[in-house]
Every structure is written in C-alpha cells, then in structure tokens.
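Fold and geometry: a report
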Amino acid sequence: MKRVLSIQDISCVGKCSLTVALPIISAAGIECAILPTAVLSTHTAFKNFTFRDLTEDLDKISDHWKEEKIVFDGIATGYLGSFRQIEQVERIFSMFNHEKMLKFVDPAMGDKGKLYPGFTPEFAKRMGGLCGKADIIVPNLTEAAFMLGEEYKEELSQQEVKDLLKRLCDLGCPVSVLTGVSFEKGRYGVAAFDSRKNEFVSYFSEYLPHSFHGTGDIWASACFAALINGQNLEQALGTAVEYTVESMRCTLAQKEYNWYGVDFESAIPKFLKLLGKV
Ligand code: PXL
C-alpha cells in the first residue's frame, strides 16, 4: 500500500485541511500519515476560534519517523501558520526525499483577492520559496498573485493564465496548476503547465454559482490521491474537479446545508468511480 504524509492544521470543526485530507486519501486506498501543524476549534471563517500552535513538536515528530525509517510515496502540504513552519516543511522534504517521492504544495493562504486572517504579503512570498522546492503546486488565482507579488485579477484571458502558470514554474517547480479558472461562461475548472514537457492541460466542468469553504482542500486532496494512485496530470485534474463539483451538488441537494463546509463524504462513491476503483 502506498503511504503519504499530509502536513497542515487540524480544524476540529469546519471540514477543511486534515479533516478533509485524511478521509479522502484513505478512501483512495492510500495510507495517510498526518503531521498537524496547529489545532484550531474551527477554521478561521468562524469567529472566536481557538488556536494551539504545534511548531515545537514538528521537528521531534519528524526526527522520530526518520529513526523509524518511515518512507513516504508523497508529501502534501496545505495551510501553514508561520515562517518557521515553512522552514520545517522544507527540512521534512529534504529528510524524506527520494527519487519517486511526490512533493505537492497547496499554498493555502487566501481566496477572492484576499489573504486569510493572519497572513501577510511577505508570508506569501516566503510560501513562493516553498513552492520552488515542490514537484507540483496548486494555488488559486489569489495565492498565485500574492506569491508572485502581482496584482490580483478576477478574470484572466487564456493567454494570461498560460503566462501566469509559466511564472509559477519559474519559482522552481516543474508543474504548476491554477485552480478556480474559467475561459468560458458556465464552465469552471483548473489549468496547468508541465514545464518538462512544455505542455498546457486544463479541465473544466459545470460552473455552480455557489462558493463554499473547504472546496480548495477537497480538490487538492483528491488531486494528490489521484496522482499517487498513478493517474497522469490530466486525469488527476479531472478526477479532482468532478469530485469537488459532485461534493457541491450533494451539499446543495440538502435543504439545510452547513455554511462552513461541503458534503464531500456523500460524493465518495463518485470519487472511487473516477479513480477506477469500483
Ligand atoms: O481551507 C483552508 C484552511 C485551512 N485551515 C484553516 C483555515 C483555512 C481557510 O480559511 O482557516 C485553519
């Protein structure tokens, strides 16, 4: 069985970060080790959330794994809370690196032109440094703009998206993906550039005029799991988009749905079909 590591916070209520990554990666038939960077009562879209930082534990935990000779097929990172945690993740990347290990970075920091509470443009630039050490990065348009120090634009032409993807690869990673992209009314999805093949790929699905918290984390976990399961970039983008859209549909089908997270659990059967597991 493949084994991966997911490094991000655990927001106890709110359906994002580790409470999304762990079930999705497990459902894909992959052993998922976790490294929680912080424990929050909820994600930061709630008011008055508690926050316990786990920075002091991260090196000790990863040193123990090294002593135990634990090997990972991939490491995925999401929301990280501080400059020091970015350094710790870089250390973990080099400690556990081997030729076939996939380093997947979701620089989860913001959305709709704004950084999440607590993040600064300087932090976003530093996150760009971590992206340079990854094999694949998956920012949204907001995160891409902040990492590159560029102005955020809500709507980009196809050529502008291609140029942005190339500038993201210039951070140092071979493959960049932009999430939340649209070239055509009613169609919404992701676009990617593989600099090793000099190839652009994209995947679009039905645009649902609703915005939910946590969909970025669902998409990223599904894409990572699909790649670890051997899907190629184009297939993995499609699997993750269709699974995310189905999760949103399942949410909208309920009369009273949670405002804070989508019903990704009900869409797991569809995810397994997309992975070719059933
Ligand atoms: O979904 C990204 C995310 C992860 N973790 C925490 C968050 C958010 C988004 O707001 O607040 C704690």
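Structure's up top.
Here the structure is a predicted model, which means the values were calculated and not measured.

**Structural notes on the packing of aromatic side chains**
Each aromatic ring pair is summarised here by two numbers: the centre-to-centre distance and the angle between the ring planes. Applying the stated rule across the entire model yields 14 aromatic pairs. Relative to F72, the ring of W65 lies with its centre 5.8 Å away and its plane at 75°, an arrangement referred to as edge-to-face. Take W65 and F72: they sit in the same class, and that class is buried. With centroids separated by 4.6 Å and ring planes inclined at 25°, the aromatic side chains of Y243 and F271 adopt a geometry described as stacked.

**Some thoughts on helix α5 (residues 141–148)**
With seven of its eight residues buried, α5 lies for the most part within the structure. When α5 is considered as a whole, its buried residues turn out to be L141, T142, E143, A144, A145, M147 and L148. Measuring from the side-chain oxygen of the N-cap residue of α5 to the backbone nitrogen of T142 gives 3.1 Å; that N-cap residue is N140. Taken from the residues just after α5, G149 is the one with a positive phi, measuring 70°.

**Some remarks on the site of the ligand**
If you check the shell around the ligand, you find D9, S11, C16, S17, L40, H43, T44, Y79, Y116, H213 and D217 and nothing else. Between a nitrogen atom of the ligand and a side-chain N or O atom of D9, the distance comes to 2.7 Å. T44 places a polar side-chain atom, nitrogen or oxygen, 2.6 Å from an oxygen atom of the ligand. Coverage of the ligand by the protein amounts to 98% of the 310 Å² it exposes when considered alone.

**Focus on helix α4 (residues 121–131)**
Every buried residue of α4 is listed here: F123, A124, M127, G128, L130 and C131. Considered in projection along α4, the buried side chains sweep an arc of 155° and stay on one side of the axis. Elements in contact with the buried residues of α4: β4 (74–77), α3 (83–96), β5 (102–105), β8 (136–137) and α5.

**What to know about the environment of R91**
Mapped onto the elements, R91 comes out in helix α3. R91 sits 32 residues away from D59 along the chain, and the two C-alpha atoms are 8.7 Å apart. In this structure R91 touches D59, S62 and D63, once residues within four positions along its chain are discounted. Here the side chain of R91 touches D59 through a polar contact of 3.3 Å, side chain to side chain.

Definitions and limits used
- Residues numbered from 1 in each chain as written.
- Predicted model: local features only at pLDDT ≥ 70, side-chain atom pairs only at ≥ 80, totals over all residues.
- Heavy atoms only, no water.
- Phe/Tyr/Trp six-rings, centres within 6.5 Å; stacked < 30°, edge-to-face > 60°.
- Buried < 20%, exposed > 50% of the residue type's maximum accessible area, 1.4 Å probe, protein only.
- Helix = DSSP H or I, 4+ residues; strand = E, 2+ residues; numbered from the N terminus.
- Polar contact = N/O pair within 3.5 Å; in protein donor to acceptor, adjacent residues only side chain to side chain.
- Near = heavy atom within 4 Å.
- Areas by Shrake-Rupley, 256 points an atom, 1.4 Å probe, with all protein chains shown as cover.
- Arc of directions from axis to C-beta.
- Contact = heavy atoms within 4.5 Å.

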